[in-house]
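Structural characterization, general
Below are the chains, spelled out letter by letter.
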Amino acid sequence: MSRLAILRYPDPRLYKKAAPVSRVDEAVRKLVDDMAETMYAAPGIGLAATQVDVHKRVIVIDTSEDRSDLRVLINPEITSRNGVQVHEEGCLSVPGIYEEVERAQVIRFRALDREGKSYEEDAEGLLAVCVQHEIDHLDGKVFVDYLSRLKRDRIRARLQKQVRKTA
């Protein structure tokens, strides 16, 4: 396994729509393993392949406290949404920024697992937020896109300033 470089907002590659995975093979499983290692090292609770400049519909998520519940979502699709929740979100591609975003409170989704087996699951609370957030990445959307133009401009300026300081 190896750690992958995470793209940082406002990198235009974060806005590229991911293509479906046609076959779950060893290359896809290696991507899943590398993404999981990258997510845990960051540390984060979710990572979409788009964030590591691989434009395939692959997500890893682990919302457990002890990192014991890795979920793999290949070609994920939300099949139903109910209710509304506002949750403070952060993102590995937008480091140090946390803002409230409105999302569905309960969702049902389907996906393929690491072995290519189809499954469906209901999610609520943090898991529902995380699934929606990561699917947005696959669709070329970053959570800051839900914010006002003024907030986005301030976040972009702040992150660009951080990059200049480290360069």
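Cut-offs used in this document
- All chains use their own residue numbering, which begins from 1 and follows the written sequence.
- Reporting of local features is limited, given that this is a predicted model, to residues whose pLDDT is at least 70; pairs of side-chain atoms are given and counted only at 80 or more, and all residues count toward the totals for whole chains, interfaces and linings.
- Side-chain figures throughout are based on the complete set of non-hydrogen atoms in the structure, without hydrogens or water.
- Each helix is a run of H or I in the DSSP string that is no shorter than four residues. Each strand is a run of E no shorter than two, and both are numbered from the N terminus.
- Throughout, radius of gyration means the C-alpha value; the globule benchmark is 2.2 Å times the number of residues raised to the power 0.38.
- Residue exposure (1.4 Å probe, protein chains only): buried if accessible area is under 20% of the type maximum, exposed if over 50%, otherwise partly exposed.
- Residues count as neighbours in contact if any of their non-hydrogen atoms are within 4.5 Å of one another.
- All accessible-area figures derive from a Shrake-Rupley calculation using a 1.4 Å probe, and residue coverage is judged against the displayed protein chains alone.
- Neither His nor the chain ends is counted toward charge; the positive residues are Lys and Arg and the negative residues Asp and Glu.
- Here the site of a charge means atom NZ of a Lys, CZ of an Arg, CG of an Asp or CD of a Glu.
- At least two bridges found by DSSP between two strands are what make those strands a pair.
- Here is the rule: rings of Phe, Tyr and Trp (six-membered ring for Trp) pair when centre to centre is within 6.5 Å. Planes less than 30 degrees apart are stacked, more than 60 are edge-to-face, and the remainder are tilted.
- Only when the NZ atom of a Lys or the CZ atom of an Arg is both within 6 Å of the ring centre and within 35 degrees of the ring normal do we say a charge sits over the ring.
- We define the nonpolar core as a collection of buried residues of types Ala, Val, Leu, Ile, Met, Phe, Trp, Tyr and Cys that are connected through side-chain atoms lying within 4.5 Å of one another.
- A helix's residues, less one, multiplied by 1.5 Å, set its expected span.
- The rule for a salt bridge is simple: a side-chain nitrogen of Lys or Arg has to be within 4 Å of a carboxyl oxygen of Asp or Glu.

Brief notes about the overall build of the protein chain
- Helices and strands together make up the secondary structure of the protein chain, namely three helices and seven strands.
- What you see in the protein chain, going N to C, is helices and strands ordered as α-β-β-β-β-β-β-β-α-α.
- Relative to the compact-globule value of 15 Å for 167 residues, the protein chain shows a C-alpha radius of gyration of 15 Å, a close match.
- Structurally, the protein chain occupies a C-alpha span of about 45 × 40 × 30 Å along its principal axes.
- The 167 residues of the protein chain split such that 44% are buried.
- In the protein chain, the share of contacts with a sequence separation of at least 24, taken over all contacts with a separation of at least 6, comes to 66%.
- Put simply, the protein chain shows about 8,900 Å² of open surface, and 47% of that area lies on carbon and sulfur atoms.
- For the protein chain, the separation between the mean place of its 28 positive charges and that of its 28 negative charges on side chains is 8 Å.

Some thoughts on unusual backbone geometry
- Residues Tyr9 and Pro10 are joined by a peptide bond in cis, for which omega reads 10°.
- Tracing the backbone shows Pro10 in the segment before α1 (26-41).
- Even without being glycine, Asn75 reaches a positive phi, approximately 55°.
- Mapped onto the fold, Asn75 is located in strand β3 (residues 71-82).
- Take Asn75: its relative accessible area is 22%, and that puts it in the partly exposed class.

Brief notes about the pairing of strand β4 (residues 85-91)
- Relative to strand β5 (residues 94-103), β4 runs antiparallel, the two being bridged by six bridges. The residue bridging Cys91 from the neighbouring strand is Val94, located in β5.

Thoughts on the packing of aromatic side chains
- Under the counting rule described, the total for this entry stands at one aromatic pair.
- In this structure, Lys141 packs its charged tip against the face of Tyr146, placed 4.1 Å from the ring centre.

As for the nonpolar core
- With 17 residues, the main nonpolar core has Ile59, Ile61, Leu73, Ile107, Phe109, Ala123 and Val131 as its most contacted residues.
- When residues of this core are traced back to their parent elements, those giving at least two are β2 (58-61), β3, β6 (106-112) and α2 (125-138).
- Ranked by residue count, the leading element in this core is α2, at six residues.
- With sequence-adjacent residues up to four places away left out, Ala123 is seen in contact with Gln105, Val106, Ile107, Phe109 and Ala128.

Description of α1
- Between its first and last C-alpha, α1 extends 22 Å over 16 residues, near the 22 Å set by a 1.5 Å rise per residue.
- Buried within α1 we find Val28, Arg29, Leu31, Val32, Asp34, Met35, Ala36, Thr38, Met39 and Tyr40.
- Of the surrounding elements, those touching the buried residues of α1 are β1 (46-48), β2 and β3.

Regarding α2
- Taking 1.5 Å per residue, 14 residues should reach 20 Å; α2 reaches 21 Å between its end C-alpha atoms and fits that length.
- Burial within α2 is extensive, with 12 of its 14 residues counted as buried.
- Within the sequence span of α2, burial applies to Leu127, Ala128, Val129, Cys130, Val131, Gln132, His133, Glu134, Ile135, Asp136, His137 and Leu138.
- Positive phi appears at Gly140, one or two residues downstream of α2, with a value of about 80°.

Regarding the pattern of salt bridges
- Under the counting rule described, the total for this entry stands at 20 salt bridges.
- Across the pair Glu120 and Arg108 runs a salt bridge whose closest N-O atoms are separated by 3.1 Å. Residue Glu120 is found in strand β7 (residues 118-124), and its partner Arg108 is found in strand β6; the two are separated by 12 residues along the sequence.
- Exposure remark for Glu120: the relative accessible area of 45% places this residue in the partly exposed category.

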